[in-house]
Amino acid sequence: MTAPRPILLPTPQGDPLIQLLAEHDGLGGQHTMILPSQEAALAHWPALAAHDGPVTIILRRDGRSTGKEWQESLDLLATLLETGPQDVRLAALTEPAAQALSDRIGRPVSPLPPMPKRYHGPRRLQLLQGDGPLLVREGNTPPLLARRYNLARLRRLAGLSAEASDPDLMDLAAFANGEGTSPLATTDRPPVIVIVVPNGIGLGHVTRMLAVARSLRDRDGARVLFWSFSRAAGIIARHGFDVTLRQTAQHLQADPDAWLRWESEDFAAALADVQPDLVVQDGSQVDRFIVEAMARPGSGSARLALVRRGMWQPGVGLDALEAETLVDLVIEPGDLASGDDRGLTRNRHARTGGFATMARTAPVTLTRPGDMLDRRAARRALGLGRGRFCLVSLGGDAFGDWELLLRTLVHEAQTARTTLVWARSPLAAEDPELAERTGMTTISRYPLAPCLQAFDGVISAAGYNSFHELMQLYRGPVLFAPTRHAQLDDQPGRAQYAARQGWALDLPEAESPLPQVRRFFDALCGKACIDTRPDWRDGAAELAHALLALAVNGRAP
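About the thresholds
- Residues numbered from 1 in each chain as written.
- Predicted model: local features only at pLDDT ≥ 70, side-chain atom pairs only at ≥ 80, totals over all residues.
- Heavy atoms only, no water.
- Helix = DSSP H or I, 4+ residues; strand = E, 2+ residues; numbered from the N terminus.
- Buried < 20%, exposed > 50% of the residue type's maximum accessible area, 1.4 Å probe, protein only.
- Contact = heavy atoms within 4.5 Å.
- Lys, Arg positive; Asp, Glu negative; His and termini not counted.
- Charge placed at Lys NZ, Arg CZ, Asp CG, Glu CD.
- Axes fitted to C-alpha atoms, helices over the stretch in contact; angles between N-to-C directions.
- Left-handed = near helix turned anticlockwise from the far one by under 90°.
- 1 Å grid on protein atoms, 1.4 Å probe; cavity = no way out; pocket = protein on both sides within 12 Å on 5 of 7 lines; lining within 4 Å.
- Points joined across faces, edges and corners; volume = space filled by probe spheres on them.
- Pairing = 2+ DSSP bridges.
- Core = buried A, V, L, I, M, F, W, Y, C linked by side-chain atoms within 4.5 Å.
- Salt bridge = Lys/Arg side-chain N within 4 Å of Asp/Glu carboxyl O.
- Polar contact = N/O pair within 3.5 Å; in protein donor to acceptor, adjacent residues only side chain to side chain.

Q: Sorry, what's going on with the overall build of the chain here?
A: Looking only at helices and strands, one finds 19 helices and 22 strands in the chain. Expressed as lengths along the three principal axes of its C-alpha atoms, the size of the chain is roughly 100 × 45 × 45 Å. Within the chain, the proportion of its 557 residues that are buried is 53%. Counting only contacts in the chain whose residues sit at least 6 apart along the sequence, the fraction spanning at least 24 positions is 72%. Here the chain contributes 60 positive and 64 negative side-chain charges, whose respective centroids are spaced 7 Å apart.

Pasting the structure below:
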């Protein structure tokens with residue numbers, strides 16, 4: 001839990017200084033009232049006058065309004081202070097500002113205690129104040145709305161500057177940059193990372209981020225919390241992580257705008273409570289409630305990262321690329337089939353807007369080679385006896401003619417004297433009709449990959465997790481029947497790549513499945529071993545390392 005904070009009263013038009021003041025530990029206790037400008041003091045004068053504790057009014061130099069308005073607000077405040085409350089301290093953001101404002105108002109003005117320095121590198125961002133809201137830009141790139149980033153977060157990213165013609169912005173930048181020269185500030189608190197898991201199709205997001213979270217916790221000692229819209233929250237909890245289960249507007253049948261307000265408020269409250277060093281979302285884009293919550297004063301200075309797998313379907317997802325303007329890091333879990341990536345993110349560098357950088361890792365799998373059971377142990381774990389067994393792990397819309405595929409699989413399995421074992425997702429209800437029509441045995445186990453050696457062959461969709469587990473951790477025959485769905489990655493492209501490498505067989509959508517299914521069962525009965533598949537690499541550890549570096553960069557001591 002965070003310590004009690006001073007009372008911060010905002011300006012009527014909003015002021016990004018509030019974002020910095022909410023993170024400042026040197027402004028006083030919970031009975032101190034802080035007004036971030038003379039305009040705020042005038043707007044909240046009745047509350048200020050009635051307050052029974054200390055009051056700090058931060059005076060601002062000319063630049064936030066016209067010269068005449070600035071002078072009038074200072075003069076009116078000076079008049080009110082002559083007969084107003086006695087326990088009022090006038091402050092400024094910097095020493096030069098304090099001296100100039102003291103001369104102007106005719107009362108002592110002291111500089112605020114400086115914020116500790118958070119950034120020590122060469123990168124610079126410029127603050128711009130036109131007639132509208134505060135803007136920020138890097139170099140000659142188009143300016144962006146500063147309120148979408150939170151100055152407390154931006155000051156961990158770069159040093160801030162402003163034009164000399166705007167004294168107030170110069171003061172704001174100097175105050176945000178802080179003082180102190182040591183880049184080795186440390187803290188005993190382990191890094192805190194919040195992972196947001198969307199309500200995707202299946203368990204892909206959860207599985208990938210569980211692998212990363214486990215590495216962050218077990219290897220790096222980080223505290224990892226999940227904010228999950230997936231019904232797999234129970235699976236996350238069983239892996240030993242704190243998880244908050246949420247509901248989408250669609251699940252609640254709620255008004256989307258009202259839901260956005262509620263979710264933003266709840267997420268901002270959670271951030272204020274745990275004060276994470278990093279927020280991570282796995283998905284194609286960043287949910288709006290995350291951006292709005294992180295910009296709120298008091299929500300902390302966490303960095304923001306997007307874990308975004310590649311292999312998008314051609315022409316899909318242009319709107320999602322806006323996420324690159326909102327995050328600090330776009331990191332892509334590697335894909336063995338990236339040579340056939342035809343999506344919008346192929347070879348993309350994130351710096352098309354915003355301040356993000358991009359990184360790529362080895363493929364990420366939850367299951368590691370050391371987790372794999374041998375054949376006997378795997379069959380015992382699944383309750384399978386003697387004979388030939390083929391794992392079937394498909395979505396209901398995996399193939400163009402689903403019924404034809406099922407009939408073909410059942411017939412060829414019977415001919416090959418092989419038992420088909422249907423892998424049911426732990427999120428899916430049982431389907432007695434399927435078992436009755438096909439005679440398949442059904443199992444539901446998570447994760448299932450450690451038990452792959454129990455099977456003489458596998459027929460699977462080509463989703464990210466199943467594809468990389470099979471191609472790196474299994475050497476038996478594999479037949480891919482890729483799912484074709486507008487919201488999913490390019491599974492057909494992934495399956496075709498594997499087929500060209502000789503790693504697996506692929507079912508073309510427009511052709512009869514019989515020839516490939518028959519080839520597969522021939523390989524299964526012949527106990528084929530495909531030893532040309534790539535070796536496993538610990539992509540989860542690589543991804544966790546990149547996230548941890550972002551989390552601890554410029555964190556509070």
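Q: Which parts of the structure should I look at to understand the packing of helix α8 (residues 204–218) against helix α19 (residues 539–552)?
A: A pair of packed helices is characterised by two quantities: the angle between their axes and the separation of those axes. Running from N to C, α8 and α19 point in directions that differ by 65°, and their axes come no closer than 8 Å. Here α8 runs over α19; the crossing is right-handed. Side by side, α8 and α19 meet where A211, V212, S215 and L216 of the first sit next to A540, A541, L543, A544, L547 and L548 of the second.

Q: Help me out: how do you make sense of empty space enclosed by the protein in this one?
A: Empty space left among the atoms is revealed by rolling a probe the size of a water molecule over them. The tally for this structure, following the rule as stated, stands at one cavity of 30 Å³ or more. Size it by volume and the largest cavity reaches roughly 30 Å³. Along the walls of the largest cavity sit Y149, N150, R153, L271, M294, S299, G300, S301 and A302, which together make up its complete lining.

Q: Hey, could you run me through the sheet that holds strand β1 (residues 7–8) in this one?
A: In a beta sheet, neighbouring strands are held together by backbone hydrogen bonds and run either parallel or antiparallel to one another. Judged by pairing direction, the sheet is parallel, and its five strands sit side by side in the order β1-β2-β3-β4-β5 without closing on themselves. Two strands lie at the open edges of the sheet, namely β1 and β5 (110–111), each paired on one side alone. Sheet topology note: the strand β2 (residues 33–35)/strand β3 (residues 55–58) ladder contains three bridges and is parallel. Across the sheet, the residue bridging to L35 is I57, located in β3. Across the sheet, helix α5 (residues 95–105) lies against β4 (88–92) and β5, angled at about 125° from β4, the strand it touches most.

Q: Just checking my understanding: could you explain the nonpolar core for this structure?
A: Burial of nonpolar side chains together is a common tendency in soluble globular proteins. In terms of nonpolar packing, the biggest core is built from 34 residues, with I195, F226, V280 and L547 touching the most fellow members. Of all the secondary structure elements, the ones that give two or more residues to this core are β10 (192–197), α8, β11 (223–228), α9 (233–238), β13 (278–282), β14 (303–307), β15 (329–332) and α19. The next biggest cluster of nonpolar side chains, apart from the first, holds 32 residues, and it includes A378, L384, I443 and A504.

Q: How should the pattern of salt bridges be read in this particular structure?
A: Pairs may arise between side chains of opposite charge once their charged atoms sit close together. Going through the model one piece at a time under the given rule, you end up with 29 salt bridges. With a closest N to O distance of 3.2 Å, D328 and R153 form a salt bridge. Linking D328 in the loop between β14 and β15 with R153 in helix α6 (residues 151–157), this pair joins segments that are 175 residues apart in sequence. Of the two residues examined, D328 and R153, each falls in the buried class. Of the charged contacts, one joins D282 and R208 as a salt bridge, the two residues approaching to 3.0 Å between their closest N and O atoms. Of this pair, D282 sits in strand β13 while R208 is found in helix α8, placing the two residues 74 residues apart along the sequence. Among the ionic contacts, a cluster of salt bridges with common partners joins R309, D335, D489 and R494.

Q: Explain the sheet that holds β10 to me, please; I cannot follow it from the model alone.
A: Strand order in the open sheet made by the seven strands is β12-β11-β10-β13-β14-β15-β16, with parallel pairing throughout. Bordering the open sheet on either side are β12 (242–245) and β16 (357–360), each of which pairs with just one other strand. In this sheet, neighbouring strand axes are inclined to one another by 20° on average, regardless of whether the strands run parallel or antiparallel. Bridge analysis of β10 against β11 gives six bridges, and the strand direction is parallel. What sits directly across from V192, in β11, is R223. On top of the sheet, α19 reaches β10, β13, β14 and β15; it is set at about 170° to β15, its chief contact.

Q: I'm lost on helix α7 (residues 167–177) in this one. Help?
A: Three- or four-residue spacings in an α-helix give side chains the same orientation, since the helix completes a turn every 3.6 residues. Turning to α7, its buried residues number three or more, namely D168, L169, D171, L172, A173, F175 and A176. In the segment just after α7, G178 is the residue with positive phi, at about 75°.

Q: Explain the side chain of T408 to me, please; I cannot follow it from the model alone.
A: Secondary-structure assignment places T408 in helix α14 (residues 402–415). In this structure T408 comes out as buried when scored by relative accessible area, which is 10%. Within the local environment of T408, its side chain forms a polar contact with the backbone oxygen of L404, the two atoms lying 2.8 Å apart. Setting aside its immediate chain neighbours within four residues, T408 contacts P513, L514 and V517.

Q: Honestly, the environment of T248 in this entry has me stumped. Any pointers?
A: Looking at the secondary structure, you find T248 in the loop between β12 and α10 (249–252). The buried category is assigned to T248, whose relative accessible area is 18%. Sequence separation between T248 and A176 is 72 residues; the distance between their C-alpha atoms is 36 Å. Look past the residues within four positions of T248 in its chain and what remains in contact with it is N199, F229 and W259.

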